[in-house]
Amino acid sequence: MDYNKLADLLFPNNKYTVEDVEKMYPARKLPAGAQVVRFAPSPTGYLHLGHFFQAITNKFIALQSNGVFYFRLEDTDKRREVAGADKLALEFLEEYNLGPNEGLTINGDIGDYGPYRQSERGEIYRAYAKRLVEKGRAFPCFCDAPEGKEEILENREKMLEETASIMEHDPCRGLTFEEIQSNIKAGKGFALRLLSPNKEGDTIKVYDLIKGEREIPANLKDVVLLKNDGIPPYPFAHPIDDHLMGTTIVVRGEDWFSSVNQHIDIFNALDIKPMNYIHTPLICKIDAETGNKRKLSKRKDPENNVFFFKEAGYPNVAVLEYLLNLANSNFESWRVQNPQADIFSFPFSIKKMSTGNPMFDLIKLNDISKNVISRMTADEVYNSVLVWAEEFDKDFAKIWKDNKQKALGVLAIGREGERPRKDLTTFADAKTLYSYMFKETLSKQNLLGFDEKVDKATIKEFLTKYLANLDLDVDNQQWFNQVKEIAGTCGFATDNKEYKANPTAFKGNVADACALIRIAITGTNQTPDLCTILKILGKEEVKSRLEFVIGNL
Ligand code: GLU
């Protein structure tokens, strides 16, 4: 067959040749060692955790190597496109300080290697498609629905039976020039397929920067290069774009690894040297129904949507730290040695990237989040809670603002020193954890949560005496001495040694007496320093809460 003639028949009106295109994308001038990486999501909905994980990996590789991190939108599948998904992803990256410095950015498209939206690159793909036809490496397929639809499947089925082959070569492979020409004349559309050169049993070696060399079966499919609407699916767009845009490392999920043999075939057909790959591990969990480990699912797992973490009130840095923990095995020890260091100064290393699929571990994230919040100042926490509430809980935002001084007061308790208090796991926790501070969220019923440890009559006696002597114009030590004195008159031990020697002789010790005040005022037995809480609430409020409790006992 005369392939040049075939190429002209199939692509009579191409705007560019491959040579024209190559001229439009000169090699980047970057310092030695600088890596060019990219984030290339398809705009099919929310940003999911796997992609976010890859964005973090990309960003750190670019930062570490003084390289380029660009955003390319893989928007060739218009049926699955969700309007605004690109903007959402960009805003999210920006919020986490992971914004790209080229391609789609929050300030519009930037850079000399665009267009960065695949839907605007049709002429470029067509140049390479035509070249492959000229080289006899691609052929048109006229099946009505070329991708996985019945007719073609049936044909393949037949071929399987006849040849006992698992090759997926397309039935249109053998069309003559005349047959193709008459199809074109009849106005039939076509998909373009790669003529796969491999045979069963062939293998190829793929090098992955974190997993090393892996031997896998060669591709046996006549992969679709252009669909019958002229648009390329991922396997054709990826080699062309990453080649032209100067990508040095393709970072993508391990789920792409199974089709890397197709991509290598296309690189070879195009005479382009493949760039380095990093196939990142997939974040997994144990399936509640089957008990098996599986990757996070769009359908089943809310945490697969990165928005989940924002809505739950996790600090961005905590989510980043958690994912860096999964990405780089030396992150944790670095954080212990550098507790205050800016996270972006972490020396991310490709060599230290984990290879196994990690489990999503909410307990670990919570732990990191508590540490992150405990390192913030009271003002920072106050503001972060407000930002969270203004987006997710407007009523609480109002309460938080109206009670700013109280909120700052309770946040400040125990924040200084080597071992700061770690009661908040998320910013959302402030609402429930400190609900007793605000009249609007305090349920008076909760103030009656005493357990059986001390009998009701003693509780009443003690609280009544405490109310009668209520004095908050004292320092914390004086306050404690007052409580101790009152407790002593109600049968509590004022000397711990005496109490330990003979606990049944007493109603409890001074800590038990304090707990009665704590529960009466806050409804919980877990609060930061009680005397400070009482002072923040003020004498009138404390008095009214005590009166309510005493009256209802
Ligand atoms: N568009 C592909 C995806 O959304 C990108 C894979 C890649 O990074 O190359 O998964």
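One numbering rule holds for all chains: residues counted from 1, following each sequence as written. Residue-level local features of this predicted model are given only where pLDDT is at least 70; pairs of side-chain atoms are given and counted only at 80 or more, and the full residue set underlies all totals for whole chains, interfaces and linings. The basis for every side-chain value is the complete set of heavy atoms in the structure, and neither hydrogens nor water enter the calculation.

Draft legend 1. Highlighting the overall build of the chain. Starting at the N terminus, helices and strands are each numbered in turn, a helix being any DSSP run of H or I of at least four residues and a strand any DSSP run of E of at least two. Looking only at helices and strands, the chain has 23 helices and 13 strands in total. Relative to its length of 553 residues, the chain is extended, with a C-alpha radius of gyration of 33 Å against a globular reference of 24 Å. In terms of overall dimensions, the chain has a C-alpha envelope of 110 × 50 × 40 Å along the principal axes. For the chain, with 553 residues in total, the buried portion stands at 50%. Note on contacts: a residue pair is in contact if any heavy atoms of the two residues lie within 4.5 Å. A separation of at least 24 residues holds for 73% of the contacts in the chain among residues at least 6 apart in sequence. Note on areas: Shrake-Rupley with a 1.4 Å probe; residue coverage comes only from the protein chains shown. A total of about 26,400 Å² of accessible surface is found on the chain, and carbon and sulfur atoms cover 49% of it. For this measure, only C-alpha atoms enter the radius of gyration; the expected value for a globule follows 2.2 Å times N^0.38, where N is the number of residues. Relative accessible area decides the class of each residue, using a 1.4 Å probe on protein chains only: under 20% of the type maximum gives buried, over 50% gives exposed, and in between gives partly exposed.

Draft legend 2. Structural view of the nonpolar core. In terms of nonpolar packing, the biggest core is built from 102 residues, with Phe52, Tyr128, Leu192, Phe236 and Leu323 touching the most fellow members. Excluding residues that lie within four positions of it along the chain, phenylalanine 52 makes contacts with Leu47, Phe92, Leu93, Tyr96, Leu98, Val306, Val319 and Leu323. Ile486, Ala513, Ile517 and Ala520 belong to the second-largest nonpolar core, a separate cluster that totals 62 residues. To form a nonpolar core, buried Ala, Val, Leu, Ile, Met, Phe, Trp, Tyr and Cys residues must be joined to one another through side-chain atoms within 4.5 Å.

Draft legend 3. Expanded view of the environment of proline 217. Among the structural elements, proline 217 can be located in strand E8 (residues 212-217). In the structure, proline 217 is positioned 230 residues away from leucine 447 in sequence and 68 Å away in space, judged by C-alpha atoms. Beyond its immediate chain neighbours, meaning those up to four positions away, proline 217 contacts Asp202, Thr203, Ile204 and Asn261.

Draft legend 4. Focus on the side chain of arginine 28. Structurally, arginine 28 can be placed in the loop between helix H2 (18-24) and strand E1 (36-39). Polar contacts here mean pairs of N or O atoms no more than 3.5 Å apart (in protein, one a potential hydrogen donor and the other a potential acceptor; neighbouring residues in sequence count only if both atoms are side-chain atoms). At 2.8 Å, the side chain of arginine 28 forms a polar contact with the side chain of glutamate 102. A polar side-chain atom of arginine 28 sits 2.8 Å from the main-chain carbonyl oxygen of methionine 245. Excluding residues within four positions of it along the chain, arginine 28 makes contact with Val36, Val68, Tyr70, Glu102, Tyr113, Met245 and Gly246.

Draft legend 5. Expanded view of the packing of aromatic side chains. Two aromatic rings from Phe, Tyr or Trp, using only the six-membered ring of Trp, form a pair when their centres are within 6.5 Å; if the ring planes differ by under 30 degrees the pair is stacked, by over 60 it is edge-to-face, and anything between is tilted. In total, this model carries 27 aromatic pairs according to the counting rule given. Taking 6.0 Å as the distance between ring centres and 80° as the angle between the ring planes, the aromatic pair formed by phenylalanine 11 and phenylalanine 190 counts as edge-to-face. Linking phenylalanine 11 in the loop between helix H1 (3-10) and H2 with phenylalanine 190 in the loop between helix H7 (177-185) and strand E6 (191-194), this pair joins segments that are 179 residues apart in sequence. On the accessibility criterion, phenylalanine 11 (5% relative accessible area) is buried. Here the guanidinium or amino end of lysine 5 rests over the ring plane of phenylalanine 177, the centre of that ring lying 4.6 Å away. Criterion for a charge above a ring: Arg CZ or Lys NZ at most 6 Å from the ring centre, at most 35 degrees from the ring normal. Positioned above the aromatic ring of tyrosine 113 is the side chain of arginine 28, whose terminal nitrogen or guanidinium carbon lies 4.0 Å from the ring centre.

Draft legend 6. Seen up close, the site of the ligand. The near set for a molecule or strand comprises every residue that places at least one heavy atom within 4 Å of it. By nearness alone, every residue bordering the ligand is listed as Arg38, Ala40, Pro41, Ser42, His51, Glu74, Tyr234, Val251, Arg252 and Trp256. Between a nitrogen atom of the ligand and a side-chain N or O atom of serine 42, the distance comes to 3.0 Å. Contact with the protein chains hides 90% of the accessible area of the ligand, taken as 290 Å² for the molecule alone. For this classification, the nonpolar set comprises Ala, Val, Leu, Ile, Met, Phe, Trp, Tyr, Cys and Pro, the charged set comprises Asp, Glu, Lys and Arg, and every other residue, Gly included, is treated as polar. Classifying every residue of the shell around the ligand by side-chain character gives five nonpolar, two polar and three charged.

Draft legend 7. Spotlight on the sheet that holds strand E3 (residues 102-105). Pairing within the open sheet is mixed, and its four strands lie in the order E1-E2-E3-E4. Edge strands, defined here as strands with exactly one partner in the open sheet, are E1 and strand E4 (108-110). If you compare each strand with its neighbour and ignore which way they point, the axes differ by 25° on average. Should DSSP find at least two bridges between two strands, the strands are regarded as paired. Pairing between strand E2 (residues 68-71) and E3: two bridges, direction parallel. Within the sheet, the bridge partner assigned to tyrosine 70 lies in E3 and is glutamate 102. Axis angles are defined between N-to-C directions and span 0 to 180 degrees, where every axis is a line fitted to C-alpha atoms and, for a helix, only to the segment in contact. Packing against the sheet, helix H3 (residues 49-64) makes contact with E1 and E2, and its axis sits at approximately 160° to E1.

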